[in-house]
Amino acid sequence: AHGPPRSGAASPLPRSGTASPLPGAAANGVVSLSAAAAAASDSAARGAALPLLPRTEELRWGGADPPPNRTVGSYASREEYIRTHFSLLREDFVRPLRDAIGTVRRGEAPPREVRLHKGVRIEGTHIGEPGGVLHRLVLPTAGAAEESGLINGSLVALSSDGWESCRCAVVAKREAARQRNDGSLFVAFQRDGAGADANSLGAAVEDAAYACELAVASNAVYEMLEPGAYWGAYRPVLAALQAAAADTSGLPLESVLLRAEACDAPPDFVSRGARNFDVRPIFNETPQEEGMLVDVCCPWERASGGGELAGTSLDEFQLRATKALLSHRFGLVQGPPGTGKTFVGLMVVRTLLRNAALWSEEAAEARRAALAAAEAAPAGDEAAAAKA
């Protein structure tokens, strides 16, 4: 979030800062084997230093506040940028869970969005998919798991000592548990502060030793907290940031994200001269038989003459945003629900697909594709269904 865009254009971001050198880089561009090995070791250490799951002491006592997002100035390095956004996103999930645990420890009722199950037992182990160890939990009543709304990928926290310590587990094989109809819940317990291997449901080698530890505690009676937030939505994004921390090849759009450089510049394919776009998908209330070519970097008039274009279902602000997204390397469109952000994105995707020959290196039209990512499933579905 860098402030509102100017008249629908890319956001006015600051332009200071310098790139940080890659580990092991020499002045003449030569990297020694020992330096390269050290760089690989450093990158692995950076990734390992960012655990996906919270540690027990974090949930018990809390941790350091995450660094704030920079809204002014530049990030000093790629590592600082990744760590900042990883920490903020992770804390967004961990803090409500930590607060709920603190509430239960004080003997108070947990928040409404958090469910507390008492009398939970570990009844056995099963083979996970793809491999690894899953544990079968049994809740005190057969319908408790169904009422909770737990699904695959949900995170639960369990404690047998009044929340002086706790264990985290990820729900798996939910349909198989439902068919048992006996209050069962299959979970993959995660080691304290698990990192990238938390993506696998019990498939890490170290989980064998952890399973032995859990076997000793299988006779205990647990309390189980079900957080209000869905861990399955946080996990892939955190894992991607964790992988990026260990990758020295650079971030996509690094100059924009770290230093806010060239935000107002046109996309590379436009800079190379591909400026005349067929914008029929945007002007969807006009006859679609003939092409409507416009120079996307200039006021939108027909390239062949004839004045300004008309005949679109977009309002003034939506059209302004559409122009900005097509003519800038980086764009930010903001607005409350119902203002047409997804629809604007859909118009942009359709226009890019209509003009794929200008930016795609694939000669075959069937292989030309654009990547569209969305936080919400409906928006992603609309983008995926877009056609020129």
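Model, not experiment: these values are computed from the prediction.

Reading guide: rules and limits
- Residues numbered from 1 in each chain as written.
- Predicted model: local features only at pLDDT ≥ 70, side-chain atom pairs only at ≥ 80, totals over all residues.
- Heavy atoms only, no water.
- Helix = DSSP H or I, 4+ residues; strand = E, 2+ residues; numbered from the N terminus.
- Buried < 20%, exposed > 50% of the residue type's maximum accessible area, 1.4 Å probe, protein only.
- Core = buried A, V, L, I, M, F, W, Y, C linked by side-chain atoms within 4.5 Å.
- Contact = heavy atoms within 4.5 Å.
- Pairing = 2+ DSSP bridges.
- Axes fitted to C-alpha atoms, helices over the stretch in contact; angles between N-to-C directions.
- Expected span 1.5 Å × (residues − 1).
- pLDDT = per-residue confidence, 0-100.
- Phe/Tyr/Trp six-rings, centres within 6.5 Å; stacked < 30°, edge-to-face > 60°.
- Lys NZ or Arg CZ within 6 Å of the ring centre and 35° of its normal.
- Salt bridge = Lys/Arg side-chain N within 4 Å of Asp/Glu carboxyl O.

Draft legend 1. Broad picture of the environment of Leu 332. For Leu 332, the position within the fold is in the loop between helix 10 (316–327) and helix 11 (341–354). A relative accessible area of 25% means that Leu 332 is categorised as partly exposed.

Draft legend 2. The arrangement of the nonpolar core in detail. One finds Leu 59, Ile 82, Ile 101, Leu 155, Trp 163, Leu 225 and Trp 231 to be the most contacted residues of the largest nonpolar core, which totals 30 residues. Of all the secondary structure elements, the ones that give two or more residues to this core are helix 3 (78–105), strand 3 (155–159), strand 4 (167–171) and helix 7 (231–246). In terms of residue count, helix 3 provides more of this core than any other element does, nine residues in total. Ignoring sequence-local partners within four residues, the contact set of Trp 163 consists of Arg 60, Ile 101, Val 104, Arg 105, Leu 116, Ala 157, Leu 158, Glu 223, Met 224 and Leu 225.

Draft legend 3. Spotlight on the sheet that holds strand 5 (residues 184–190). Pairing within the closed barrel is antiparallel, and its six strands lie in the order 1-2-5-4-3-6. Sheet twist, expressed as the mean angle between neighbouring strand axes with direction ignored, is 45°. Bridge count for strand 4 against strand 5 is four bridges, and the pairing is antiparallel. Within strand 5, the residue paired with Cys 168 across the bridge is Gln 190. Strand contacts of helix 3: strand 1 (115–127), strand 3 and strand 6 (221–226), with the helix running at about 135° to strand 6, the strand carrying the most contacts.

Draft legend 4. Inspection of the side chain of His 117 at higher detail. Within the fold, His 117 resides in strand 1. The exposure class of His 117 is buried, given its relative accessible area of 8%. In contact with His 117, not counting residues within four places along its chain, are Leu 139, Ala 144, Ser 148, Tyr 222, Glu 223, Met 224 and Glu 226.

Draft legend 5. Local environment of helix 10. The terminal C-alpha atoms of helix 10, which comprises 12 residues, lie 17 Å apart, in line with the 16 Å expected from a rise of 1.5 Å per residue. Within helix 10 the residues assigned to the buried category are Gln 318, Leu 319, Ala 321, Thr 322, Ala 324, Leu 326 and Ser 327.

Draft legend 6. The arrangement of the confidence of the model for the protein chain in detail. When pLDDT is averaged along the protein chain, the result is 75, and 74% of the positions lie at 70 or above. The low-confidence segment residues 1–48, where pLDDT is below 50, has 79 contacts with residues more than four positions distant or belonging to other chains. Residue range residues 198–203 is modelled with pLDDT below 50. Its contacts to residues more than four positions away, or to other chains, number 23 contacts.

Draft legend 7. Highlighting the packing of aromatic side chains. Counted according to the given criterion, the structure contains three aromatic pairs. Centroid distance Tyr 75 to Tyr 81: 5.1 Å. Interplanar angle 85°. Geometry classified as edge-to-face. This pair shows no difference in class: Tyr 75 is buried, exactly as Tyr 81 is. Each ring, one from Phe 93 and one from Trp 231, has its centre 5.1 Å from the other, and the planes form 50°; the classification is tilted. Of this pair, Phe 93 sits in helix 3 while Trp 231 is found in helix 7, placing the two residues 138 residues apart along the sequence. This pair shows no difference in class: Phe 93 is buried, exactly as Trp 231 is. Taken together through their ring pairs, the aromatic side chains of Phe 93, Trp 231 and Tyr 234 make up a single cluster. Over the ring of Tyr 75 we find Arg 70; its NZ or CZ atom is 5.8 Å from the centre of that ring. The lysine or arginine in question, Lys 173, covers the ring of Phe 186, its NZ or CZ lying 5.4 Å from the ring centre.

Draft legend 8. The arrangement of the pairing of strand 5 in detail. With seven of its seven residues buried, strand 5 lies for the most part within the structure. Across four bridges, strand 2 (residues 133–138) lies against strand 5 in antiparallel orientation. Bridging across to strand 5, His 135 finds its partner in Val 187.

Draft legend 9. Fine view of the pattern of salt bridges. One pass over the full model with this rule turns up 15 salt bridges. One salt bridge connects Arg 60 with Glu 164, and the closest N-O pair in it is separated by 2.9 Å. A residue pair is termed long-range when its members are at least 10 positions apart, and Arg 60 in helix 2 (residues 56–61) and Glu 164 in the loop between strand 3 and strand 4 qualify at 104 residues. Of the residues examined, Glu 164 reaches a relative accessible area of 41% and is grouped as partly exposed. A salt bridge links Arg 98 to Glu 91, with the nearest nitrogen and oxygen atoms 2.5 Å apart. Across the pair, Glu 91 and Arg 98 agree in class, each one buried. One network of salt bridges, in which partners are shared, links Asp 65, Glu 91, Arg 95 and Arg 98.

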